[in-house]
Amino acid sequence: LRFLWVTDQQPDELAQELKSSGSWDLFGAMGGHAFTPFFGRGASLHFLRKLHLAFGLLLDFEKKHRHRYRWVIYSRTDLIWESSHPPLD
């Protein structure tokens, strides 16, 4: 199991990362909440960056162990499930 602690980048660092990846124009075109913290209050880009990094860790694990997960579920810890999760089979 690997743990990676990631902090939010400063806006100039985040902008540089998005520009170097080619994603700056895409997120800029969406504008609004998708481009926070650049346009308005929020942290959508920080969240998406961390989700991307977590997915990269998953892919690295699958490759290293020659095992592909059939299901990967993302769930926020700050929300409450109103019912049981539906069956995955």
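Presented here is a report on the structure given in the accompanying data block. (Residues numbered from 1 in each chain as written. Predicted model: local features only at pLDDT ≥ 70, side-chain atom pairs only at ≥ 80, totals over all residues. Heavy atoms only, no water.)

**Here's the deal with the nonpolar core**
One finds Leu14, Leu18, Phe27, Phe35 and Leu45 forming the largest nonpolar core, which totals 5 residues. Ignoring sequence-local partners within four residues, the contact set of Leu18 consists of Ser23, Trp24, Phe27, Phe38 and Leu45. (Core = buried A, V, L, I, M, F, W, Y, C linked by side-chain atoms within 4.5 Å. Buried < 20%, exposed > 50% of the residue type's maximum accessible area, 1.4 Å probe, protein only. Contact = heavy atoms within 4.5 Å.)

**Quick look at the packing of aromatic side chains**
One pass over the full model with this rule turns up 6 aromatic pairs. Geometrically, the ring pair formed by Phe3 and Trp5 is tilted, given 6.3 Å between the ring centres and 35° between the ring planes. Judged by its relative accessible area of 65%, Phe3 falls in the exposed class. Since its relative accessible area comes to 68%, Trp5 is described here as exposed. Look at Phe35 and Phe38: their rings are 5.2 Å apart centre to centre, the planes differ by 40°, and that puts the pair in the tilted class. By way of ring pairs, the aromatic residues Trp24, Phe35 and Phe38 are connected into one cluster. In this structure, Lys19 packs its charged tip against the face of Trp24, placed 4.8 Å from the ring centre. (Phe/Tyr/Trp six-rings, centres within 6.5 Å; stacked < 30°, edge-to-face > 60°. Lys NZ or Arg CZ within 6 Å of the ring centre and 35° of its normal.)

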